[in-house]
Amino acid sequence: MKIFSCSKSKQESISIKDGNSSGSPEEAATGEVRMDVGPIHRKLLAYAAPLLLMQLLLQFYNIADCAVVGRFGGAFGLAAVGVAGLVLAVHINFFIGFGVGVTSAVSRLFGARQYDKLRQAIATSVAIATAAGILLTLMGELLGQRYLLWLSCPAEAMGDALLYAQICFLGLIPQLVYNVSNGVLRALGNTKTPLYFLAGSAVLNVVLDLVLAVGMNCGLEGVAWATVSAQWALGLAMLWRLTRLDERFRLTAGTTLLPMSELFRLLRLGIPSGMQAAFMSISSLLIQISIDGFGPAAMAGMVVYAKI
């Protein structure tokens, strides 16, 4: 193994040439931020604040959705959302964790300025999320009722829960794409764009909730379609953003995927973190089985508690 060294002036010239100086026009235009250049304190705060706001926004988003379902989703609406939502959460949380692994892999390539491999890693991550979303959507549509039976869903809430789950399974593809894309942008130092897109999606979801569930009197089905529509808008927006990255590694049609050795490295980082997040949802499923035995009222109470 050869070790190369260069003088300080050379390092600075390389940094400037690559467009990596602090606050460069290139960063401003594409959104990537070099955390290894310039003062760390301001960049760290600018990186972390959108992540915190994103978590708060997600919680308010869920509470608003819950309020609409509780008022206009029918007698068993909240119970149906609770039991169906947990089934969906297992798949989604796995890819939230997988996105953390993607962040680690992409940030390593970004920091090393291996832009060809970085482009391949981004394309491969999106391809994995899309393929998994298609597979899980098909499984959910075919096995949705069996999932609910495994959870001991009461007969009174079965119809609403199955309807809600089958509609929401159609939103798995954009949700998985969003979480992986979010991991990519985090690795590039861009936490603001996912926050802006999530805020837009939340507003769209609430507006569609009011139009479909309240204005058109579609009830729980309207809430489900509003959620899926907002999810597709969010997923497509994130996908579009990946095509507007720095031209050296942006997502483009026809980009070759990672070779098998690099793919295994990505999976070794992504799968353990994904499983860690999925196990938390699985433990909630086991608790839900016990709660479902007390009937729809107890299920609805659990949903309200979990959202708040």
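For the structure itself, look to the data block above.
All of the points below concern the structure found in this document. (Residues numbered from 1 in each chain as written. Predicted model: local features only at pLDDT ≥ 70, side-chain atom pairs only at ≥ 80, totals over all residues. Heavy atoms only, no water.)

Details of the pattern of salt bridges
Side chains that differ in charge, positive against negative, can pair when their charged atoms come close. So the rule is basically this: In the sections that follow, a salt bridge refers to a side-chain nitrogen of Lys or Arg positioned within 4 Å of a carboxyl oxygen of Asp or Glu. Each helix corresponds to a stretch of at least 4 residues labelled H or I by DSSP, and each strand to a stretch of at least 2 residues labelled E; elements are numbered beginning at the N terminus. Remark: exposure states derive from per-residue accessible area (1.4 Å probe, protein chains only) relative to the maximum for the residue type, with buried under 20%, exposed over 50%, and partly exposed in between.
Under the definition given, this model contains three salt bridges. Between arginine 108 and glutamate 262 there is a salt bridge, with its nearest N and O atoms 3.9 Å apart. Here arginine 108, found in helix H4 (residues 77–111), pairs with glutamate 262, found in helix H10 (residues 260–292); they are 154 residues apart in sequence, far enough to count as distant. Classification of glutamate 262 by relative accessible area gives buried; the value is 12%. Of the charged contacts, one joins lysine 117 and glutamate 262 as a salt bridge, the two residues approaching to 3.3 Å between their closest N and O atoms. Of this pair, lysine 117 sits in helix H5 (residues 115–150) while glutamate 262 sits in helix H10, placing them 145 residues apart in sequence. A relative accessible area of 34% means that lysine 117 is categorised as partly exposed. If you follow the salt bridges from partner to partner, you end up with Arg108, Lys117 and Glu262 in one network.

Looking at helix H6 (residues 155–168)
Cut-off, in case you're wondering: One fewer than the residue count of a helix, multiplied by 1.5 Å, yields its expected span. We define the bend at each residue as the angle formed by axes fitted to the 7 residues ending at it and the 7 residues starting at it. Any pair of residues with heavy atoms lying within 4.5 Å of one another is described as a contacting pair.
Taking 1.5 Å as the rise per residue, H6 with 14 residues should run 20 Å; its terminal C-alpha atoms sit 20 Å apart, in good agreement. At alanine 161, H6 shows its largest bend, some 25 degrees. Looking at the buried positions of H6, the neighbouring elements they touch are H4, H5, helix H7 (172–187) and helix H9 (219–242).

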